[in-house]
Amino acid sequence: MPDRNIEFGMYGARGIKGFEAVARRLDALAGYVATPVTVRRGLLARLHYLTRTDHARAAAREAGLTVTDRTIKAWLQGGQGPSKRNLEKIEAAYRTVRRHNVARHLLGRLNAAGRGTRVEIHPLNQSQVERPRQRVVEFRTLNVRHWDRVVEAWAAGDDQALDDAWVEQIVDLGSQWGQYEYVTNVGFAA
C-alpha cells in the first residue's frame, strides 16, 4: 500500500494514525474510571472492578495482575500500598478487562442492527506546512456498518489488527483513502 511508504510529518504536518484515533474514541466510549490509579479512590475502584467476581479475578490474572489474594486484601484495607510497577499492572489489567467486558455492548451499539455508525474523519493538521507543500484534505464523513474486526482488535489490544481493520473500513473513500491514514481526530457517537 502506498500510504505505508510515505514519510509522515516530513514537512511539518501533525496528526496521529487513524486507528489510534479510533482506539481513543472507543476508550472514551468504554467509560473508564476517571480518577487516576495513583489516587486511593482510583485504586480502590479498579481493585473492586477486578475482584468483585471469580470471573473478574480470573480475567485480571490473565491480563497480568498476578499478586496473591492476601496482597489485594491488604491493598483494599489500606494496610499497604502497591508499588509503582504493581500500579502499572493494575491499570493495564483494568483496561484490558474493561475493554473485554464492554466490547460486545459497543459492537451492538456501533453496528446498530446493520445501520452502522456515522464517522467523522478530521484531516491532519497542516498549519505548519509551507503553502506550496500543503495538500487539500477535507473533513470527511462516512457510514461504517461493520465494526466487528475493529472492536475485536481494540478489545484484544492488537494495534496491527486494528490498523488493518480500520484501513479496510476507510477504503470507501475511494482514491483518497490514503490521505486519511493520519488524522487529527476521528469522531463518532454510539
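Residues numbered from 1 in each chain as written. Predicted model: local features only at pLDDT ≥ 70, side-chain atom pairs only at ≥ 80, totals over all residues. Heavy atoms only, no water.

(A) Up close: the overall build of the protein. Each helix and strand in the protein was counted, giving seven helices and four strands. Order of helices (α) and strands (β) in the protein, N terminus to C terminus: β-α-α-α-α-α-β-β-α-α-β. With the C-alpha coordinates of the protein rotated into their principal frame, the extents come out at 65 × 40 × 25 Å. Sorting the 190 residues of the protein into buried and exposed places 42% on the buried side. (Helix = DSSP H or I, 4+ residues; strand = E, 2+ residues; numbered from the N terminus. Buried < 20%, exposed > 50% of the residue type's maximum accessible area, 1.4 Å probe, protein only.)

(B) Here's a closer look at the sheet that holds strand β1 (residues 16-17). Pairing within the open sheet is antiparallel, and its four strands lie in the order β1-β4-β2-β3. Edge positions in the sheet fall to β1 and β3 (140-144), since each has one partner strand and no second. Of the strand pairs in this sheet, strand β2 (residues 117-123) and β3 are connected by five bridges, and their pairing is antiparallel. Within β3, the position partnered with I121 by the bridge is R140. Those strands touched by helix α7 (residues 159-170) are β1, β2, β3 and β4 (182-187), and its axis lies near 100° from that of β2. (Pairing = 2+ DSSP bridges. Contact = heavy atoms within 4.5 Å. Axes fitted to C-alpha atoms, helices over the stretch in contact; angles between N-to-C directions.)

(C) Summary view of a negative patch on the surface. Residues E20, D158, D159 and D164 make up a contiguous surface patch of negative charge. Position of D164 among the secondary structure elements: in helix α7. (Patch = residues over 30% accessible without salt bridge, like charges linked within 9 Å, V, L, I, M, F, W, Y side chains within 5 Å. Areas by Shrake-Rupley, 256 points an atom, 1.4 Å probe, with all protein chains shown as cover. Salt bridge = Lys/Arg side-chain N within 4 Å of Asp/Glu carboxyl O. Lys, Arg positive; Asp, Glu negative; His and termini not counted. Charge placed at Lys NZ, Arg CZ, Asp CG, Glu CD.)

(D) Quick peek at the packing of aromatic side chains. Under the criterion given, the structure shown has three aromatic pairs. Three or more aromatic residues link up through ring pairs in this structure, and these residues are Y32, Y49 and Y94. The positively charged end of R25 is found above the aromatic ring belonging to F188, 6.0 Å away from the centroid. Stacked on the ring of Y32, the Lys or Arg R95 has its end atom at 4.1 Å from the ring centre. (Phe/Tyr/Trp six-rings, centres within 6.5 Å; stacked < 30°, edge-to-face > 60°. Lys NZ or Arg CZ within 6 Å of the ring centre and 35° of its normal.)

(E) Geometry of unusual backbone geometry. Positive phi values are uncommon outside glycine, yet A112 reaches one of about 45°. As for its placement among the helices and strands, A112 is situated in the loop between α5 (84-111) and β2. Positive phi outside glycine occurs at A113, with the angle close to 55°. You can see A113 is positioned in the loop between α5 and β2.

(F) Local environment of the pairing of β4. In this structure, β1 lies alongside β4, joined through two bridges in antiparallel fashion. Within β4, the residue paired with I16 across the bridge is V183. In this structure, β2 lies alongside β4, joined through four bridges in antiparallel fashion. Across the sheet, the residue bridging to P123 is V183, located in β4.

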